[in-house]
Amino acid sequence: GFCSPFVYQHKTVFTKPQVTMLPTMVYQTRYAKDSCHGFAEEYEQQPYNPALVTMPALDGIREGRVLSCVNRGEYAGTEYSHVIDCPAGSPTTVCKDGKLYFSHKHDYHGETIYPKMLSEPIRDVKVMKNIEWIDVQTEMVAIGTLVYTENIEIFTSVEVDFHFDTAGNVDGSFIMISYRDIVKGSKTTFIACLVTCVVCAMINVILSACHILKNFHECKWGYVAYEFFSRGLLMIYPLILVSSWAAQVPMSKEYSL
């Protein structure tokens, strides 16, 4: 049931070294609604023919709009992607004031998105299909999750994007960013290599400085200065890398939090 505490029963044998660590997240960006233009505007305003009684399915009084037009130069700013009228008898935990509010907007890297966590994919996808979550206002749909590869301690962020053009064609692409947790023996090796690099670079910086002071009157400042500053950068960069890396929380520890 849906009452805690929950019990996990292992029913499927996972034969692959990879497993998804988090529920799948799906979100979309949407265009703003707009009034229709061109022939679409004429078609919207076209009156019905009261004399056409033999084909009632093809003509009649229009209740509401026929077409859904969007402004592809402006993004939607509504609080929810969809607001649906609930049927009578709907539970108040789902419907508020007779409305279903679906996909609350969030700001993501400066963009307004409408996300949905697929905690129960079969049920969630069915609901999204019934309310027509992907419609004419949809510009792009992204599906993402986090994949863990055991033994080599690699966490991969996988995102699949689907872009919809004006004609309704779908163009798919994907982005994969992998991050490796450097722990245990790998952590020791990583730090030892960086420290060795810093020490060697520091020795070379000192040698370059001594060479400059001893041969101050030689006219080879271009090569000597390049060597001195390049060795200095080789010493400074590993120090910055070690300090920034030490401030990061390992993915495995962050997930356990």
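One can find the structure itself at the top, above this paragraph.
The structure displayed is predicted, hence computed values, not measured ones.

A word on the packing of aromatic side chains. In this description, a pair of aromatic rings is defined by centroid distance and the angle of the planes. Enumeration according to the criterion identifies six aromatic pairs in this entry. Arranged with centres 5.8 Å apart and planes meeting at 15 degrees, the rings of Tyr31 and Tyr75 form a pair that is stacked. Of this pair, Tyr31 sits in strand E2 (residues 24-33) while Tyr75 sits in strand E3 (residues 70-75), placing them 44 residues apart in sequence.

The next subject is the pattern of salt bridges. Per the stated rule, a full pass over the model turns up six salt bridges. When salt bridges that share partners are traced, they join Glu120, Arg123 and Asp124 into one network.

All right, on to the state of the cysteines then. Tallied over the full model, the rule gives two disulfides. The disulfide partner of Cys36 is Cys69, and the gap between their sulfur atoms is 1.9 Å. One disulfide, between Cys36 and Cys69, carries an S-S torsion of 95 degrees and so falls in the right-handed class. Taken together, the residues span a long stretch of sequence, with Cys36 in the loop between E2 and helix H1 (39-45) and Cys69 in the loop between H1 and E3 at a distance of 33 residues. In this pair, the class of Cys36 matches that of Cys69, namely buried. The residue that forms a disulfide with Cys86 is Cys95, at a sulfur-sulfur distance of 1.9 Å.

So, about the nonpolar core. Counting residues in hydrophobic clusters, the biggest one holds 10 residues: Val26, Cys86, Cys95, Leu100, Phe102, Leu118, Met128, Ile131, Trp133 and Val141. If we skip the residues at most four places from it in the chain, Val141 touches Val26, Tyr27, Gln28, Trp133, Ile134, Val160, Asp161, Phe162 and Phe164.

Turning next to the environment of Arg123. With respect to the helices, strands and loops of the structure, Arg123 is situated in helix H2 (residues 121-130). Within the structure, Arg123 has its side chain in polar contact with the side chain of Asp124 (distance 3.2 Å).

For the rest of this paragraph, the subject is the environment of Pro91. Mapped onto the elements of the fold, Pro91 is located in the loop between strand E4 (80-85) and strand E5 (99-104). Residue classification places Pro91 among the partly exposed positions, given a relative accessible area of 46%. Taking the C-alpha atoms as reference points, Pro91 and Val7, separated by 84 residues in sequence, lie 27 Å from one another.

So, how was this worked out
- Residues numbered from 1 in each chain as written.
- Predicted model: local features only at pLDDT ≥ 70, side-chain atom pairs only at ≥ 80, totals over all residues.
- Heavy atoms only, no water.
- Phe/Tyr/Trp six-rings, centres within 6.5 Å; stacked < 30°, edge-to-face > 60°.
- Helix = DSSP H or I, 4+ residues; strand = E, 2+ residues; numbered from the N terminus.
- Salt bridge = Lys/Arg side-chain N within 4 Å of Asp/Glu carboxyl O.
- Disulfide = S-S within 2.5 Å.
- Buried < 20%, exposed > 50% of the residue type's maximum accessible area, 1.4 Å probe, protein only.
- Core = buried A, V, L, I, M, F, W, Y, C linked by side-chain atoms within 4.5 Å.
- Contact = heavy atoms within 4.5 Å.
- Polar contact = N/O pair within 3.5 Å; in protein donor to acceptor, adjacent residues only side chain to side chain.

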